[in-house]
Amino acid sequence: MKTLFLILLAALSVPAHASAWQQNAHTDRGRVHITFSSMLEAAPLRGYVPLRIQIRNHSPQPSSWDFRFASSLNWNMEQGASRTAFRAELEGSEERVFEVMLPVHPSPSGGSSPRIQATLFGPGINNNTLSLWGGGGGWRSSERFYAISRSLAGRNQSALQQAISGGSGRGGDDTVAIISLEDLSDDPRAYSGIDVILLTLGEWNGLERGHRYVLRQWAARGGQLLLATKGENPAPLELPEWSDSGIRLGWGQVLPVKLEGELLNPEDIKTRTHAFSGPYPLNDNSVFQSGQWTLRREIPDLNPPLGLLFLFVFAIAILLGPVNVITALRQKKAVRLLWVTPLASVVLSLILITGIVLVDGFGGYGHRVATVFLMPGDNLEIVHQEQVARTGVLLQRAFNVAPGTVMLPVNTEHLNRPFGHFTLDGHRWDGDWFRSRSIQGQLLQISRPSRGRIELIRGPGGPQIFSEVDARLQTLFLKDSDGGYWTVNDLHAGQRKALQPATQAEARAFVESLRLRRDERVTPVQTEGGFIASAAPAEDKFLPSYGAIRWRTQHLRYTGMIQERIAP
């Protein structure tokens, strides 16, 4: 009895917390209990949705459960569907927590809200299909996704939602949802659909170091981290260059926001976050269809062989059919009608297919550009890759991606055309990423360890540049801390070379020559201490996708902030 009392007392002494979203599965609790939860109150409309599965196996025997997840743009789970599967195996009387990343692809037109549902198989499952998100509740169609901590949400979530949605409260362009800091994921993909995160400065400093590290990676990919402060708080941990105006972090930014009592200024937050233009519009496919995308313009449009098809239909329907009938009747060989015309149709179809294969070939060709943002302070590099390919005949469509890669489809042809169906198995994708005889584009992004850095060395003989980038930099422009522009050509890894003075106009012209779209911010070279460089392409620098594509052009670019030091 005393032991039972101590167990209950220990359980009550553990601080309880509620996940931002939680739902129980319909199970026989005498055999199994399954709970779904997430760090996010609502699901972003692109990237990945982080889902935790807590399973208690009440049976004394080992058991396994299979989960199949699907997200779709419509109620019947047919259009734009992404699917993934997961298998959990537990020993008898064991309890475990698993984390699964559910892929969600953006709506081509930006206006559809996907549903996410799970199908369960295994012992003790009473209802094997349930809706996790969508179909009502707090689901909103969004262009920007704001995640706000629970402590800030109480008196600010509704006001911020009203401000960013133009007073409608819901159904606007943006969504504000609670994020549970106790349930933060260690997987960078879990944050891929979030644009803005709002925390208090104390909450940021109180996070585990690993969580601050993954949030810095998210910001470096283009996210905006807002830290609310009353003015007397200490500086944020692991953000040494902190200032009242905030700091740039990779392609993103970290901003302080004022907290008056317990209230934020929603209009100020809306103005500052909407004014920020990320480097890549991951949720806006219209920019890829407006004729601005250089990569797409390099691939000719697909022209269906209508004349050849008409000729074959004419030959079969007008010539072969009637001629075969007339000939068979005259020769009183009616049985010929049963096999001559079908056989001729098959032969001509095979000839047509052979002609298409000869024209388009197997596999396909394309163009891709990778931009690498160096973050030497974190020993990180952020890689963003854009690619477009024209395919011929594909014998299979599955391919592997590097672990941690976020991959999104790009609609290059029709704004409202559904993306198709995609299936994720671990790090292996299958489905409609690449279809036979089509033109399709993709965006890929990853953060990975790197010791690459560019150093500006000041000395009596003039400034020099030193590269620790494992690539040959063909042309580099930089802006030093004094506002001066410099350039250098043909810089190798481990090499130290003298810089040549340059003008702002030359630096801007170089940036324009690299730009893929008018709205693309490829470099911080306009900022003191920033650089941009073109590099000789190397296969290992690009993120892998479908192996049958022959990349006719591959462009590699490096950018980031330089490190300055004085020569001894």
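Look above for the structure.
Keep in mind it's a predicted model, so treat the numbers as computed, not measured.

*Asks:* Could you clarify how one ought to interpret the overall build of the protein in this entry?
*Replies:* Across its full length, the protein holds nine helices and 30 strands. Burial status across the protein gives 51% buried among its 568 residues. Within the protein, counting contacts between residues at least 6 apart in sequence, those at least 24 apart form 71% of the total. Carbon and sulfur atoms make up 55% of the accessible area of the protein, which totals about 26,300 Å².

*Asks:* I'm lost on the pattern of salt bridges in this one. Help?
*Replies:* If the charged atoms of two oppositely charged side chains come close together, the side chains can form a pair. Scanning the entire structure with this criterion turns up 24 salt bridges. The shortest N-O distance in the salt bridge between Arg216 and Asp378 comes to 2.6 Å. With Arg216 in helix 4 (residues 209–220) and Asp378 in the loop between strand 15 (364–375) and strand 16 (380–391), this pair connects stretches of sequence that are 162 residues apart. Between Arg368 and Glu539 there is a salt bridge, and its shortest N-O distance comes to 2.8 Å. With Arg368 in strand 15 and Glu539 in the loop between strand 28 (530–535) and strand 29 (549–561), this pair connects stretches of sequence that are 171 residues apart. Classification of Glu539 as exposed rests on a relative accessible area of 54%. A network of salt bridges, in which partner residues are shared, links Arg209, Arg212, Arg216, Glu238 and Asp378.

*Asks:* What is the right way to look at the sheet that holds strand 21 (residues 439–449) in this model?
*Replies:* Strands in a sheet are paired, the pairing made by backbone hydrogen bonds, and the direction either parallel or antiparallel. Judged by pairing direction, the sheet is mixed, and its nine strands sit side by side in the order 18-21-16-15-29-28-24-25-27 without closing on themselves. Edge positions in the sheet fall to strand 18 (406–410) and strand 27 (500–502), since each has one partner strand and no second. Direction aside, the axes of adjacent strands within the sheet are offset by 20° on average. In terms of strand pairing, strand 15 meets strand 29 through eleven bridges, oriented parallel.

*Asks:* Explain the packing of aromatic side chains to me, please; I cannot follow it from the model alone.
*Replies:* Here a ring pair, both rings aromatic, is described through the centre-centre distance and the interplanar angle of the planes. In total, this model carries 13 aromatic pairs according to the counting rule given. The interplanar angle of 90° and the centroid separation of 6.1 Å between the aromatic rings of Phe36 and Phe67 together place this pair among those described as edge-to-face. Separated by 31 residues along the polypeptide, Phe36 in strand 2 (residues 32–38) and Phe67 in strand 4 (residues 63–72) bring together distant segments of the chain. One exposure class covers both Phe36 and Phe67, and it is buried. Their ring planes at 20° and their centres at 5.1 Å tell us that Phe434 and Tyr546 sit as a pair that is stacked. On the criterion of sequence distance, the pair formed by Phe434 in the loop between strand 20 (428–431) and strand 21 and Tyr546 in the loop between strand 28 and strand 29 is long-range, its members being 112 residues apart. Judged by its relative accessible area of 0%, Phe434 is buried. Through pairs of rings, three or more aromatic residues link up here, namely Phe36, Phe67, Phe69, Phe86 and Phe98.

Conventions used here
- Residues numbered from 1 in each chain as written.
- Predicted model: local features only at pLDDT ≥ 70, side-chain atom pairs only at ≥ 80, totals over all residues.
- Heavy atoms only, no water.
- Helix = DSSP H or I, 4+ residues; strand = E, 2+ residues; numbered from the N terminus.
- Buried < 20%, exposed > 50% of the residue type's maximum accessible area, 1.4 Å probe, protein only.
- Contact = heavy atoms within 4.5 Å.
- Areas by Shrake-Rupley, 256 points an atom, 1.4 Å probe, with all protein chains shown as cover.
- Salt bridge = Lys/Arg side-chain N within 4 Å of Asp/Glu carboxyl O.
- Pairing = 2+ DSSP bridges.
- Axes fitted to C-alpha atoms, helices over the stretch in contact; angles between N-to-C directions.
- Phe/Tyr/Trp six-rings, centres within 6.5 Å; stacked < 30°, edge-to-face > 60°.

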